[in-house]
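Next come the chains, spelled out residue by residue.
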Amino acid sequence: MSHTEQIKAFVKKYYYYLGINKQQEITRLLFEIAKRERIDYTKVAEGLPKPPVRFSEIKNYLVRRRYPSFTKTGQGFKPSFFDVTIDPKLKADVTLKRQFKPKNLFIEESVSHTEMANRVSAHFPKSNIEIIKTYKQHLGKRRFGIDDYNRRLENFYLVREDYDFFKKCPCSANSAFCGYFVVNLGSGCPYECSYCVLQDYINSPGIIMPANIEDFFAAYKRLGRDIRCGSCELTDSLAFDHITGYSPRIVDFFRHYPKTMYELKTKSDNVELLTSVPGARNVVISWSLNPQKIVETVEYFTAPLMQRLEAAQRCATSGYRVAFHFDPMIYYQGWEADYEALVDTTFHAVDGCDVAWISLGTLRMTPRLKKIIENRFPDNTILDEEFFTGHDGKLRYPDELRVLLYKNMTSWIRKRCKDVPIYLCMEEKSMRLKL
């Protein structure tokens, strides 16, 4: 019997007189407290009021123990008590970095004779190649789950994109709009960041790349206006660049539109192709940054912090501007020293004059993503902090903690660079007024 099943059996045995939803809340709280405090759930149960007892007494005890900071303030809050089910078979393998060598290469018929198809086929000579009518037709109506996501690197799809060329950033409900346009140059990522939102809403059995980048350029021309955009919503912008070879073409295209900002956001150091061509100041290469402690324990298979910063330095030397996203910031004991050192290290590596902007954001997730993280990364510690339902239905740190994180980071950044633009990502509008 698994650990979670033991907790469920315990709750069912001793609180049989309570309804299913109430038993579920007790189970969830016992599970999270035991995990947070690094003890067995039976040790937590020892402090419970002895049954039979009213549900409110049981819940009050468990909530006070699980959410100590909020219960001290006496403020109302909305914790999330959905069912807890951990399937060991869904655990992500982060023991050994995998080389991206897909077993299967699926190429849509309409792009099978393109230069990109030849390039990708040559890059994966041992892959089984299958020409398919369309990606949609090939998959049919099948839905894909976590186990498919865990095997996503086995399949590579080369397709013709016909729709999502440029679209407004899907900001969270009631969040301040950033004015960003998303360019969907691919879907899927080779990295294993335990907080990654792609685990939640990508319904695909593999990595998907468009073969028709010229249609993206044509779509931009049809917009007829200058924008700020980037190809970083559904994939890492540079993780597959050595395969697609897209970055030099993007740079050469957008250097002719100097009032449009194009961003390539990454956690890699894969900048060889970028630095092989003269940089354009309106093409911004950006990195998501966290302390090396977080990189090692949360952002599996990504480039180490110093390699990211060395890549940023190379891009700045090549004529690009760079940007940094301290997002998601993750709260833990000792975060202040680590994040202040991260800011110092960043500006030691890159001159502030070369930094186009900096964004700040804190860890957030949907309830469904939380369940996925629990299954794929059962040993995680990032879920052990206090999360509450925020303005957009996502689980977030308390307002006071987010304000503290943002104020400190802004102060440390301003000490190193007074003029760099700083903005909040995926935050409620009122948060700006609190800083």
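Computed from a predicted model, the values in this text were never measured in an experiment.

> Requested: an account of helix H14 (residues 305-317), with residues and values cited.
The terminal C-alpha atoms of H14 lie 19 Å apart, and with 13 residues this matches the ideal 18 Å at 1.5 Å per residue to within 8%. Residues of H14 that are buried: Leu305, Arg308, Leu309, Ala311, Ala312, Cys315 and Ala316. What you see down the axis of H14 is that its buried residues fit within an arc of 155°, all on one side. Tucked into the core, H14 has its buried residues touching strand E10 (283-288), helix H13 (292-297), strand E11 (299-300), strand E12 (321-329) and helix H15 (335-349).

> Outline the sheet that holds strand E16 (residues 395-396), supporting the account with residue identities and numerical values.
Strand order in the open sheet formed by three strands is E14-E16-E15, with antiparallel pairing between adjacent strands. In the strand order of this sheet, the two ends are held by strand E14 (364-365) and strand E15 (388-389), each with one partner. As paired elements, E15 and E16 share two bridges and run antiparallel to each other. Bridge assignment links Phe388 to a residue of E16, and that residue is Arg396.

> Account for the nonpolar core, naming residues and giving values.
Residues Trp287, Phe324, Phe326 and Ile330 are the most contacted members of the largest nonpolar core, which totals 103 residues. Ignoring sequence-local partners within four residues, the contact set of Phe326 consists of Leu289, Leu342, Val343, Thr346, Ile358, Ser359, Leu360, Gly361, Met409 and Ile413. Ranked by size, the runner-up nonpolar core spans 27 residues in total, among them Ile33, Leu48, Val53 and Ile58.

> So, the sheet that holds strand E3 (residues 155-159): which residues are in play, and what are the values?
Judged by pairing direction, the sheet is parallel, and its four strands sit side by side in the order E2-E1-E3-E7 without closing on themselves. Edge strands, defined here as strands with exactly one partner in the open sheet, are strand E2 (128-132) and strand E7 (207-210). On average, each strand axis in the sheet is tilted by 20° relative to the strand beside it, whichever way the strands run.

> Residues and numbers for the pattern of salt bridges, please.
For the coordinates displayed, the defined rule picks out 33 salt bridges. We note a salt bridge from Glu25 to Lys59, for which the minimum N-O separation is 3.0 Å. In this pair, Glu25 sits in helix H2 (residues 20-37) while Lys59 sits in helix H4 (residues 55-66), placing the two residues 34 residues apart along the sequence. Look at Lys59 and you get partly exposed, because its relative accessible area is 24%. One salt bridge connects Glu192 with Arg376, and the closest N-O pair in it is separated by 2.9 Å. Here Arg376 lies in helix H16 (residues 367-376) and Glu192 lies in strand E6 (residues 192-193), a separation of 184 residues in the sequence.

> Can you lay out H15 for me, pointing to particular residues and giving the numbers?
Its 15 residues give H15 an end-to-end C-alpha distance of 21 Å, which sits within 8% of 21 Å, the value for a rise of 1.5 Å per residue. Taken together, the buried positions of H15 are Trp335, Tyr339, Leu342, Val343, Thr346, Phe347 and Ala349. For H15, the arc enclosing every buried residue in end-on projection is 160°, short of the 170-degree limit, so these residues lie on one face. Of the exposed residues in H15, the ones pointing more than 90 degrees away from its buried face are Ala337 and His348.

> How would you sum up the environment of Arg255? Please name residues and give values.
For Arg255, the location among the structural elements is in the loop between helix H12 (246-254) and strand E9 (261-266). For Arg255, a relative accessible area of 28% gives the class partly exposed. Remark: the alpha-carbon pair of Arg255 and Glu214, spanning 41 residues in sequence, is separated by 15 Å. Filtering out sequence-adjacent residues up to four positions away, Arg255 remains in contact with Pro278, Gly279, Ala280 and Asn282. Side chain to side chain, Arg255 and Asp252 meet in a polar contact 3.4 Å long.

> Lay out unusual backbone geometry in plain terms, naming residues and giving numbers.
For the bond from Pro51 to Pro52, the omega torsion is 0°, close enough to zero to count as cis. One can find Pro52 in the loop between helix H3 (41-45) and H4. The backbone of Met426 sits at a positive phi, close to 55°, despite the residue not being glycine. Residue placement: Met426 occurs in the loop between strand E17 (422-424) and helix H18 (429-433). Since its relative accessible area comes to 16%, Met426 is described here as buried.

> Now, about the packing of H2 against H4: what can you tell me, with residues and values included?
In helix packing, the relevant descriptors are the interaxial angle and the interaxial distance, both defined with respect to the helix axes. Relative orientation of the contacting elements H2 and H4 amounts to 25°, with a least axis distance of 10 Å. By the angle between their axes, H2 is roughly parallel relative to H4. Considering how the two elements wind past one another, H2 and H4 form a crossing that is left-handed. Only Phe55, Ile58, Lys59, Leu62, Val63, Arg65 and Arg66 of H4 make contact with H2, whose side of the interface consists of Lys22, Glu25, Ile26, Leu29, Leu30, Glu32, Ile33, Arg36 and Glu37. Of the residues belonging to the contact of H2 with H4, the class tally is eight nonpolar, no polar and eight charged.

> Before we move on, could you go through the packing of helix H1 (residues 3-14) against H2 and cite the residues and values that matter?
Contact pair H1 / H2: the axes reach a minimum separation of 9 Å and the direction vectors enclose 135°. When the axes of H1 and H2 are compared, the pair comes out oblique. Along this stretch, H1 crosses H2, giving a crossing that reads as right-handed. Along its contact with H1, which presents His3, Thr4, Ile7, Lys8, Phe10, Val11 and Lys12, the element H2 presents Gln23, Ile26, Thr27, Leu30 and Phe31. Grouping the constituent residues of the contact of H1 with H2 by class yields six nonpolar, four polar and two charged.

> Lay out the environment of Gly188 with the relevant residues and their values.
As for its placement among the helices and strands, Gly188 is situated in the loop between strand E5 (180-182) and E6. Considered as a pair, Gly188 and Phe55 are 133 residues apart in the sequence and their alpha carbons are 44 Å apart. Every residue in contact with Gly188, bar those within four places of it in the chain, is listed here: Ile202, Ile207, Leu234, Thr235, Asp236 and Phe240.

Scoring rules and cut-offs
- Every chain's residues receive numbers from 1 upward, in the order its sequence appears when written.
- Only residues with pLDDT of at least 70 get local features here, since the model is predicted, and only at 80 or more are side-chain atom pairs given and counted; chain-wide, interface and lining totals rely on the full set of residues.
- To get the side-chain values, all heavy atoms of the structure are used, and hydrogens and water are removed first.
- Only DSSP runs of H or I covering at least 4 residues are called helices, and only runs of E covering at least 2 are called strands; the numbering of each starts at the N terminus.
- Expected helix span is taken as 1.5 Å per residue step, with the number of steps being one fewer than the number of residues.
- Each residue is assigned to one of three classes by its accessible area relative to the maximum for its type, calculated with a 1.4 Å probe on protein chains only: buried under 20%, partly exposed between the two thresholds, exposed over 50%.
- This arc corresponds to the set of directions leading from the helix axis out to the C-beta atoms.
- Contacts: residue pairs with any heavy atoms within 4.5 Å of one another.
- We treat two strands as partners when DSSP finds at least two bridges between them.
- The nonpolar core is taken to be a set of buried Ala, Val, Leu, Ile, Met, Phe, Trp, Tyr and Cys residues, with the residues joined through side-chain atoms within 4.5 Å.
- Note on geometry: axes are C-alpha line fits, over the in-contact stretch for helices, and angles between N-to-C directions span 0 to 180 degrees.
- Every case where a carboxyl oxygen of Asp or Glu lies within 4 Å of a side-chain nitrogen of Lys or Arg is listed as a salt bridge.
- Side-chain atoms alone can form a polar contact between residues adjacent in sequence; in general such a contact is a pair of N or O atoms within 3.5 Å, and within protein one must be able to donate a hydrogen while the other accepts it.
- Orientation is classified from the angle alone, with under 35 degrees giving roughly parallel, over 145 giving roughly antiparallel, 65 to 115 giving roughly perpendicular, and any other angle giving oblique.
- Crossings are assigned a handedness: left-handed for a near helix turned anticlockwise from the far helix by less than a right angle, right-handed for a clockwise turn.
- Polar here means any residue other than Ala, Val, Leu, Ile, Met, Phe, Trp, Tyr, Cys and Pro, which are nonpolar, and Asp, Glu, Lys and Arg, which are charged; Gly is therefore polar.

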